[in-house]
Amino acid sequence: MKNKVLLEAVDKFGTPLYIYDSNMIKSQYNRLKQSFKDVKNLQINYAVKALSNISILKYMINMGSGIDAVSIQEVILALKAGVNPKKILYTPNGVSIEEIKEVSELGVSINIDNLEVLEQFGNLNPDIPVCIRINPHIMAGGNSKISVGHIDSKFGISIHQTPHILRIVENTKININGVHMHTGSDILDVEVFLNAAEILFKIAKKFKNLEFIDFGSGFKVPYYPGDSETNIDELGVKLTERFNLFCDEYGKELKLIFEPGKFLVSQAGKFLCRVNSIKQTTSTVFAQVDTGFNHLIRPMMYGSNHHIENISNPDDMERYYSVVGYICETDTFATNKKISSISPGDILSFSNAGAYCFSMSSNYNSRFKPAEAFYIDDKVLLIREREKIEDLLINQIELSF
Ligand SMILES: *Cc1c(COP(=O)(O)O)cnc(C)c1O
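Residues numbered from 1 in each chain as written. Predicted model: local features only at pLDDT ≥ 70, side-chain atom pairs only at ≥ 80, totals over all residues. Heavy atoms only, no water.

Details of the layout of surface pockets
Then, in step 1: The volume enclosed by the second largest pocket comes to roughly 340 Å³.
Then, in step 2: Every residue lining the second largest pocket is counted, 20 residues in all, and those nearest its centre are Lys86, Ser109, Asn177, Glu211 and Phe212.
Then, in step 3: Within the lining of the second largest pocket, the residues separate by chemical class into 8 nonpolar, 7 polar and 5 charged. (1 Å grid on protein atoms, 1.4 Å probe; cavity = no way out; pocket = protein on both sides within 12 Å on 5 of 7 lines; lining within 4 Å. Points joined across faces, edges and corners; volume = space filled by probe spheres on them. Nonpolar A, V, L, I, M, F, W, Y, C, P; charged D, E, K, R; others polar.)

Side note on the nonpolar core
Then, in step 1: Ile165, Ile213 and Phe215 are the most contacted members of the largest nonpolar core, which has 103 residues in total.
Then, in step 2: Per-element accounting of this core gives the leading share, 9 residues, to helix α8 (residues 190-204).
Then, in step 3: Residue-level mapping places this core at the junction of two domains, with at least three residues from each of domain 1 (22-264) and domain 2 (269-353 + 370-387).
Then, in step 4: Every residue in contact with isoleucine 165, bar those within four places of it in the chain, is listed here: Leu115, Leu118, Ile132, Ile134, Ile157, Ile203 and Phe207.
Then, in step 5: Counting residues in each nonpolar core, the second largest holds 14 residues, with Ala9, Val10, Ile311 and Ala371 among its members. (Core = buried A, V, L, I, M, F, W, Y, C linked by side-chain atoms within 4.5 Å. Buried < 20%, exposed > 50% of the residue type's maximum accessible area, 1.4 Å probe, protein only. Helix = DSSP H or I, 4+ residues; strand = E, 2+ residues; numbered from the N terminus. Domains from an automatic or database assignment. Contact = heavy atoms within 4.5 Å.)

Thoughts on the packing of aromatic side chains
Then, in step 1: With the rule as written, the count across this model stands at 16 aromatic pairs.
Then, in step 2: When the ring of tyrosine 18 is compared with that of tyrosine 20, the centres are 6.3 Å apart and the planes differ by 15 degrees; the resulting orientation is stacked.
Then, in step 3: On the accessibility criterion, tyrosine 18 (0% relative accessible area) is buried.
Then, in step 4: When its relative accessible area of 0% is taken as the criterion, tyrosine 20 is described as buried.
Then, in step 5: Note on tyrosine 18 and phenylalanine 358: the rings are 5.9 Å apart at their centroids and 85 degrees apart in plane angle, and the pair reads as edge-to-face. Placement of tyrosine 18 in strand β1 (residues 17-21) and of phenylalanine 358 in the loop between β16 (347-350) and β17 (371-376) is noted, with a sequence separation of 340 residues between them.
Then, in step 6: Cluster of aromatic residues (ring-pair linked, three or more members): Phe36, Phe193, Phe201, Phe215, Phe219, Phe243, Phe246, Tyr250, Phe258 and Phe263. (Phe/Tyr/Trp six-rings, centres within 6.5 Å; stacked < 30°, edge-to-face > 60°.)

See the structure below:
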C-alpha cells in the first residue's frame, strides 16, 4: 500500500487505524500454494487467532482457504463467515470436554492433544473420527513464549506416549483420521520442519485410516528490511518430495494441511497512529503516539521489532527516536530507532501489523479499540468501527448507591 493510500485512509477514518492489504494476503496464499503445487491434495487452513475480523475470514474463505480454530468462538465466527464445517480443524488446548463435544456437533473436525481427553471423547463418540496433535519434542520458534513443541510444553501428546495412544484407540475403537503438529511461531530453519515431519511420518504409519497430515505452521516472516524469513520454496520442494514418498508407502493419497496465521496476514497489515508530542529528555528523544500496548502489545510482550516509518514526512533527515505510547505504564514500541524527522501531528506506520496485533488488543486505560480497514480493488473499506464510550459500558451493570 502506498503512503498516499494510507494517509487518505487516516483522513477518512482517523487514528489509530489498522489497515490490511488484500493483495498481500492473496499473494502470500498463492505463494504457499505454488510452493506445494506438486502435492495433489493441499489444504491451507487460515489460523483465525492471528486476525479474526469477519471480513478477513470471508476473504480467506473466498480464496478457498480452510480454517484453523482454537476456540468454539472462533469456530462460530468462521461458520458465520460461510466456511464449510468440514474445512475447519478445531485445535483446542486445555478446554473442557463439553466444549469439544459442542464443536463436534457442529460438524467440525476435532484435533485432540491430551490422552485423557482422547479416551473420554472416544468412549462418548467412538463413531466420530478425530485427529491427534503430536508433540515431536523439538525446540523451535522465535522465543520461549511462542515455542510450543519442546519437552516441557503443554501442547500435544508426546511421541513417547505413542503406545498409550494406540491402546486408547484399540479400547475405544475411535478412528484417527489425521495427525498434526504445530511446534511454534517464527521457525526459520527448513531442516527443523523436515526433522519434525519425519517424526510425524513415523507415528502416522501406525494409523490405518488417515485422511490427512497437518504440519501446522510457524513460518517466519520478515519484520524489518533485511530481516530473514522461512524459505518456503525450499520447504516446498523438500517436503513435497518426502510427503509424496510417504503417501506411496502408506498406499493412499493423503491431504497435506498447513495452518498459517502470521504468514498470510502479518505483512499485509499496517498500524497507523498520530504523534501527539515530541519529548526531549537528557538522553532520549521520545515520539509519543496516540496508542499504546492496549492496541499493539507485541513489542512489549515478545520483544518484537515492528519497522516504523514516518509516512507524513518520509524523506527528511533521519534522527533517533524512542517511540512510546500514551498508556500510564511503560509502553515502548521501539528504542533509539532511525526515523525520518518527526513533528507532532505526523503519522507513523508500523509494519507487520496484520497478525496478533488487533486480535490481542484491549481496552486498558479505558481507551477505545482502533478502527480496522481493508484495502481491496484500490479502495479502502472500513471493516470495524472505532469504539465509542457506549462500547466501554456495554456489558457493565451500573448499581445505584
Ligand atoms: C497459532 C496457531 C497457528 C498459526 O501460527 P502462525 O505462527 O501464526 O502461523 C497454527 N496452528 C495452531 C494450532 C496454532 O495454535
